[in-house]
Amino acid sequence: MSMINKLSFGIRKFHTTASRLRKYVELTSVRYPLLKRGNFSFLSDRHLGFFQSILSAHQVLTDELNDLSGYNVDWMRSVRGSSRLVLRPKTTEEVAAILQYCNVQNIAICPQGGNTGLVGGSVPVFDEVVLSLELMDEVISVDELSGVAIVQAGCVLEKLETVLHLSNLALPLDLGAKGSCQIGGNVATNAGGIRLLRYGNLHGSVLGLTAVLANGQIMDCLNTNKKDNTGYDLKQLFIGSEGTLGIVTQVALQCQPKPSSVQVGFFGLNSFENVLETMRLSKRNLGEILSSCELIDQSSLECVTTQLELRSPINNFPFYMLLETAGSNASHDAEKLNSLLEILVNNGTIVDGTLAVDSAQAKNLWELRERISEALACEGYVYKYDVSVPIRQFYQLVEDMRIRLGNLPIRCCGYGHLGDGNLHLNITSQEYNPILLNRIEPFVYDWVCQERGSVSAEHGLGLKKRDYMEYSKSPTVIHWMRRVKKLFDPNNILNPYKIFPEQSSTD
Amino acid sequence: MSLRILVGCKRVIDYAVKIRVKPDKSGVITEGVKHSMNPFDEIAIEEAVRMKEKKIAKEIVAFSCGPTQCQETLRTALAMGADRGIHVEVSGPEYETLQPLHISKMLAKLAKDEQIDLIIVGKQAIDDDCNQTAQMTAALLDWPQATSASKIEAKDGSLQVVREIDGGLETIKVKLPSVVSADLRLNEPRYATLPNIMKAKKKPIKKLAPKDLGVDVSPRIQVVTVEEPPVRQAGAKVENVDAVIEKLKALGHA
C-alpha cells in the first residue's frame, strides 16, 4: 500500500531536480566583487599529502577526481564557492586532527552538514576546504525512558526521526529540509521549524554536545542530564554559532514521547484579523495539544499548487492556516479541535477548511506548507527574508513590500510560523536582478528594525545576511561577539566571511 | 437513472503506522494505534458521491462492520457526501476472526433490505489484502461483478467498467444491479470540508447486530500465530567491481 506514496515521491523528485539544476550559478567571488579573500594559505600537495595520511581514500575528495559542485553550491543555487578539496572525517578525533593541522597551516575551513542552509553559510566563499560531516551519521544511543538520544552530527534528521519512532519517541524539531539536513547543522544554526511553538528551540532541547575547536581541542560538553548548573553553559555558544566557534560532532538531544494522536487541519480565511482571532482562540482552547500554527497567503498557495501540481482542499481565500495538534488521546484531542472549529465556523472567522482523515491527507496538507520554498525556487531567483515581527504586524510587511515593488517581481508573498511571530517574506524574479534587490533592501531591514524585530528569525546570517547583524544587535553586543570569536578562533579559520559584517579595523 | 448505492467502508490501521506484533504472537497491536478508512474504500465513496453529483445516483448508504470506533469511519463517509450510515457492531474476539465471507453475507442481506442498485467496495483492505468481498457478495446475490475498476460509466441501466488486469485494461459491460470494486486509479478522493463535516454530524447512522441480518459471526478460523517477517540482513559495501565478483563467488552465487 505504499504504491500511492511511491508514485507521488517519484514525481516530486523529477520536478525539482530537472527545473532547478538547469540554472547556472555565478561564482560568489564574481557576484559579490567587494568580498576579499583572507590571508589564508593556498592548498598545496604537501597539505593534501597530510590529509591523505590521516584519512582513507574515500574520505578525501579532490576536484581533479570528483565533481565538487554539490559541496560548492547552496540549496538555493544562489552562491557558488571554488573549493578544491572536501574532507569527510568519520570520528571526532579525525575532525580534531584536521583542525589542529589547518590552524597551524592557516588553511580556511567551511564546515558543512546537509547544505540546506538558506543564507549561503554552508558553502565556501572562495577556496576554503569543505569539512563535511556526512560520514558521521550514526545514532549512538536512544534511551526510551529518559528520551535522550546521542547522535553523531552528520545524521540526517529524517533518519534520526525514523530511529526514534522505534522507541516511541519524537524529535523536538521538524522542518521542511529534514530529508537532507543533518542534526549537527541544525544545532550549529539553532534551527527552528514547524514545531518550535510546542517544543521550544534547540537551546533548550540540546542537553549536551561535543565540539572541536579551531586549534583541534575537543570540547566534551556531552552532558545528558536535564539539569546541570556547574559553571558556564559553554555549549550554548556553539548552538547557533553557524560553524564559526567550533565544529559540532555529537549531540545529546532531549526527545519527546511520540504523540499517538496527531490532527492536521487546513483552513481558509478572509482577513488577517480573522487569522489573528483563530490563532488567539487556538492557543487558548487547544492549550497544550497545539503543536503548529502556520500561515500561508494566497500567493504562496498559488505558487505551490501550480509549480508542483499539488491539490488544495479548498477554494481561493486571501489567507490559509494550517493547525496541528499532537497529544496522547485521540478522542480528547478531536473533541477539543472540533469544539474550537464549531465556534470559529459558526461566527464566520473560518470560512472553509478540512481536517485530515488519515496520514496520507495529513502529509498532503503539510506539503502545501513545507514545499512552498521549493516551489518558489522553480520560478527563478528568490529573495528570501526570514524575520521576526510583532504578531499584529505579521502580514503588514508583505503588503507594504508588495506596493513598493509593483510589477518588478514575479511574486511577492508571505507565509510562516504565525505562532512564533516568524514571517517568511519571499519575492521572486526570473533571474537575479540587482535593481529589484535594491528596492527590497535595505527597506525590509529598516522596516523590521523599526519594529524591533529580528532580521533573521531562524535562517541565520551566513554570508548573505551578515551585513544586517546591526539591524538587530547593538554595537556593544556585536563588539563582544567579535571578542568571543577571536578567543575561540584567533586565526579565523572556521567559516570565515560568515555572520559578521565586514569591518575596517580588527579588535 | 437514480440508483441507491451501498458502499462498504472498512476501518483499518492507518497505512503510515509501523505495524508491531503482540508479544504473545496472537495478532498485531491495535490498541492506541491510529486507524483510518481503508484507502480503496475512500475511493469507493468518492465514486458514489460523484455519481450522485452527476444525478446518476439518488442516495448513498455507507456501511461499516466492527467496533464502536467504526462510527468515526462512517462519519468520514458522511462528510464526503454519503447520506446515511449503517453500523453493524462486532467487537472483541469475534471481530478478530471476522472474514470477508461474513461481510459479504451482510452486504447481500442489506442489498435486499434496502433495495440497493449498486454495491461499491474497495478492491481489497490494506490489512488483510484479501480482495474477496466484492466477488463473494456478487455470488451470494447472483449479481454481475466488475472488479478492480479504474473507470465507471453509467449507460441505460447498465455500467461500462474499465478494469485493471494483468495484461492491461479490460472494458466490460455489466447490467444493474451489480457489485463493483474500486481500484487505485478510479479517482482521487476529495477532502471532506468543514461545512460538510458539520452537516455529517446530523446524518443518521443505524446500528445493527449481525443477527439482525441473519449472519453468524462465530469464528470459522483460528489464528495460530502471527510473526514479523524475518529481519533483513545487512548488505556489505565493496570498493569496486572486482570486489563484487569476488564476494559473489565467495558466497556461492557466481
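Residues numbered from 1 in each chain as written. Chains lettered and ligands numbered in written order. Predicted model: local features only at pLDDT ≥ 70, side-chain atom pairs only at ≥ 80, totals over all residues. Heavy atoms only, no water.

As recorded in an unreviewed UniProt entry, chain B goes by the name Electron transfer flavoprotein subunit beta, listed as coming from Daphnia sinensis. Quoted straight from UniProt, the Sequence similarities (unreviewed entry) entry for chain B says "Belongs to the ETF beta-subunit/FixA family." Quoted verbatim from the Subcellular location (unreviewed entry) field of the UniProt record, the comment on chain B reads "Mitochondrion matrix". (UniProt positions renumbered as here; feature names shortened; annotations may be inferred.)

The name recorded for chain A in an unreviewed UniProt entry is D-2-hydroxyglutarate dehydrogenase, mitochondrial, from Daphnia sinensis. Here chain A is described in UniProt, under the heading Sequence similarities (unreviewed entry), as follows: "Belongs to the FAD-binding oxidoreductase/transferase type 4 family." Per UniProt, chain A has the following entry under Catalytic activity (unreviewed entry): "(R)-malate + A = oxaloacetate + AH2".

Trainee: I'd like to hear about the overall build of chain A, residue by residue, with values.
Mentor: If you tally the helices and strands in chain A, you get 19 helices and 18 strands. Computed over C-alpha atoms, the radius of gyration of chain A comes to 23 Å, within 12% of the 23 Å expected from 2.2 N^0.38 for 507 residues, which places it in the range of a compact globule. Overall, chain A is about 75 × 55 × 50 Å in size when its C-alpha atoms are taken along their principal axes. Sorting the 507 residues of chain A into buried and exposed places 56% on the buried side. (Helix = DSSP H or I, 4+ residues; strand = E, 2+ residues; numbered from the N terminus. Rg over C-alpha atoms; globule rule 2.2 N^0.38 Å. Buried < 20%, exposed > 50% of the residue type's maximum accessible area, 1.4 Å probe, protein only.)

Trainee: Quick rundown of the interface of chain A and chain B? Include the residues and the values.
Mentor: Each partner contributes residues to the interface: chain A has 30 residues there, and chain B has 26 residues. Both sides of the chain A and chain B interface together cover about 2,400 Å² of buried area, and 59% of this is carbon and sulfur. Counting every contact that joins chain A to chain B gives two salt bridges. For the interface between chain A and chain B, the tally reads eight residue pairs in polar contact (both at pLDDT 80 or more). Taken together, the elements giving at least two residues each to the side of chain A that touches chain B come down to helix 1 (3-21), helix 6 (157-166), strand 12 (261-269), helix 13 (330-346), strand 15 (352-355) and helix 14 (359-370) of chain A. Residue contributions to the side of chain A that touches chain B peak at six residues, all from helix 14 of chain A. For the side of chain A that touches chain B, the residue count by class is 16 nonpolar, nine polar and five charged. (Contact = heavy atoms within 4.5 Å. Buried area = accessible area lost by both parts, 1.4 Å probe. Salt bridge = Lys/Arg side-chain N within 4 Å of Asp/Glu carboxyl O. Polar contact = N/O pair within 3.5 Å; in protein donor to acceptor, adjacent residues only side chain to side chain. Nonpolar A, V, L, I, M, F, W, Y, C, P; charged D, E, K, R; others polar.)

Trainee: Help me get a handle on the pattern of salt bridges, residues and values and all.
Mentor: Residues and elements named next belong to chain A. Per the counting criterion, the structure on display carries 41 salt bridges over all chains. Ionic pairing is found between K159 and D137, a salt bridge with its closest N-O pair at 4.0 Å. Linking K159 in helix 6 with D137 in the loop between strand 4 (129-132) and strand 5 (139-143), this pair joins segments that are 22 residues apart in sequence. K159 gets classed as partly exposed once you look at its relative accessible area, which sits at 36%. With relative accessibility at 31%, the residue D137 sits in the partly exposed group. Among the salt bridges present, the one from E277 reaches R280, with a minimum N-O distance of 3.0 Å. Pair noted here: E277 and R280 are both in helix 11 (residues 272-286), with a separation of three residues, about one helical turn. Judged by its relative accessible area of 27%, E277 is partly exposed. A network of salt bridges, in which partner residues are shared, links E161, D174, K178, R195 and E324.

Trainee: Would you mind going over the UniProt feature "domain: FAD-binding PCMH-type" (unreviewed entry) in chain A in detail, with residue names and values included?
Mentor: Under the UniProt annotation, the feature "domain: FAD-binding PCMH-type" (unreviewed entry) is placed at residues 79-258 of chain A. Along residues 79-258 of chain A the backbone is 23% helical and 24% strand, and the end-to-end C-alpha distance reaches 38 Å.

Trainee: I'd like a rundown of the packing of aromatic side chains, residues and numbers included.
Mentor: Residue and element names in this part refer to chain A. Scanning the model with the defined rule gives 18 aromatic pairs over all chains in all. Relative to F51, the ring of F50 has its centre 5.8 Å away and its plane inclined at 65°; by these criteria the two rings are edge-to-face. Measuring from ring centre to ring centre gives 5.9 Å for F238 and F488, while their planes differ by 85°; the resulting arrangement is edge-to-face. Placement of F238 in helix 10 (residues 235-238) and of F488 in helix 19 (residues 475-488) is noted, with a sequence separation of 250 residues between them. Judged on exposure class, the residue F238 and its partner F488 are both buried. Each member of the aromatic cluster is reached from another via a ring pair, and the members are F272, F319, F394 and Y395. It is R37 that lies over the ring of F42; its NZ or CZ is 3.8 Å from the centre. (Phe/Tyr/Trp six-rings, centres within 6.5 Å; stacked < 30°, edge-to-face > 60°. Lys NZ or Arg CZ within 6 Å of the ring centre and 35° of its normal.)

Trainee: Give me the lowdown on the side chain of A:H424, citing residues and values where you can.
Mentor: All names here are of chain A. On the secondary structure map, H424 appears in strand 18 (residues 422-429). Given the relative accessible area of 5%, H424 is considered buried. Within the local environment of H424, its side chain forms a polar contact with the side chain of D386, the two groups lying 3.4 Å apart. Within polar-contact distance, the side chain of H424 engages the side chain of E458 at 3.1 Å. The contacts of H424, once residues within four sequence positions are left out, are R369, Y385, D386, C413, G414, Y415, G416, H417, E458 and H459.

Trainee: Talk me through the sheet that holds strand 4 (residues 57-66) of chain B; I want residue IDs and the actual numbers.
Mentor: Residues and elements named next belong to chain B. Pairing in this open sheet of nine strands is mixed, and the strands run 9-8-7-10-6-1-4-5-11 from one edge to the other. The sheet terminates laterally at strand 9 (168-175) and strand 11 (205-208), the two strands that pair on one side only. Going from strand to strand, the sheet's axes swing by 30° on average, the running direction of each strand aside. Here strand 7 (residues 145-155) runs beside strand 10 (residues 178-182); their pairing, made up of three bridges, is parallel. Paired with Q145 across the strands is V179, a residue of strand 10. Its contacts with the sheet put helix 1 (residues 39-53) on strand 1 (3-8), strand 4, strand 6 (118-122), strand 7, strand 8 (158-165) and strand 10, and the angle it makes with strand 6 is roughly 145°. Helix 4 (residues 100-113) rests against strand 1, strand 4, strand 5 (84-89), strand 6 and strand 11 of the sheet, and its axis sits at about 145° to strand 4. (Pairing = 2+ DSSP bridges. Axes fitted to C-alpha atoms, helices over the stretch in contact; angles between N-to-C directions.)

Trainee: Pulling in residues and values, what's your account of helix 3 (residues 45-54) of chain A?
Mentor: All names here are of chain A. Taken together, the buried positions of helix 3 are occupied by H47, L48 and F51. Seen end-on, helix 3 carries its buried residues on one side only, within an arc spanning 100°. In helix 3, the exposed residues that point more than 90 degrees away from the buried face are D45, R46 and S53. Contacts made by the buried residues of helix 3 are with strand 1 (60-62), strand 2 (85-87) and helix 5 (92-105). (Arc of directions from axis to C-beta.)

Trainee: How would you summarise the confidence of the model for chain A if you had to cite specific residues and measurements?
Mentor: Overall, the predicted model of chain A reaches an average pLDDT of 93, with 95% of residues at or above 70. Segment residues 1-18 of chain A: pLDDT under 50, and 16 contacts once partners within four positions in sequence are set aside and those in other chains are kept. (pLDDT = per-residue confidence, 0-100.)

Trainee: An account of the UniProt feature "domain: Electron transfer flavoprotein alpha/beta-subunit N-terminal" (unreviewed entry) in chain B is needed here, citing residue identities and associated values.
Mentor: Those residues carrying the UniProt feature "domain: Electron transfer flavoprotein alpha/beta-subunit N-terminal" (unreviewed entry) are residues 25-217 of chain B in this numbering. End C-alpha atoms of residues 25-217 of chain B are separated by 23 Å, and the span's content is 31% helix alongside 31% strand.

Trainee: An account of the side chain of B:E42 is requested, with residue identities and associated values reported.
Mentor: For B:E42, the position within the fold is in helix 1. No salt bridge is formed by the buried B:E42, whose closest oppositely charged neighbour, A:R311, lies at an N-O distance of 7.5 Å. If we skip the residues at most four places from it in the chain, B:E42 touches A:V357, A:D358, A:Q361, B:M37, B:M80 and B:P189. (Lys, Arg positive; Asp, Glu negative; His and termini not counted.)

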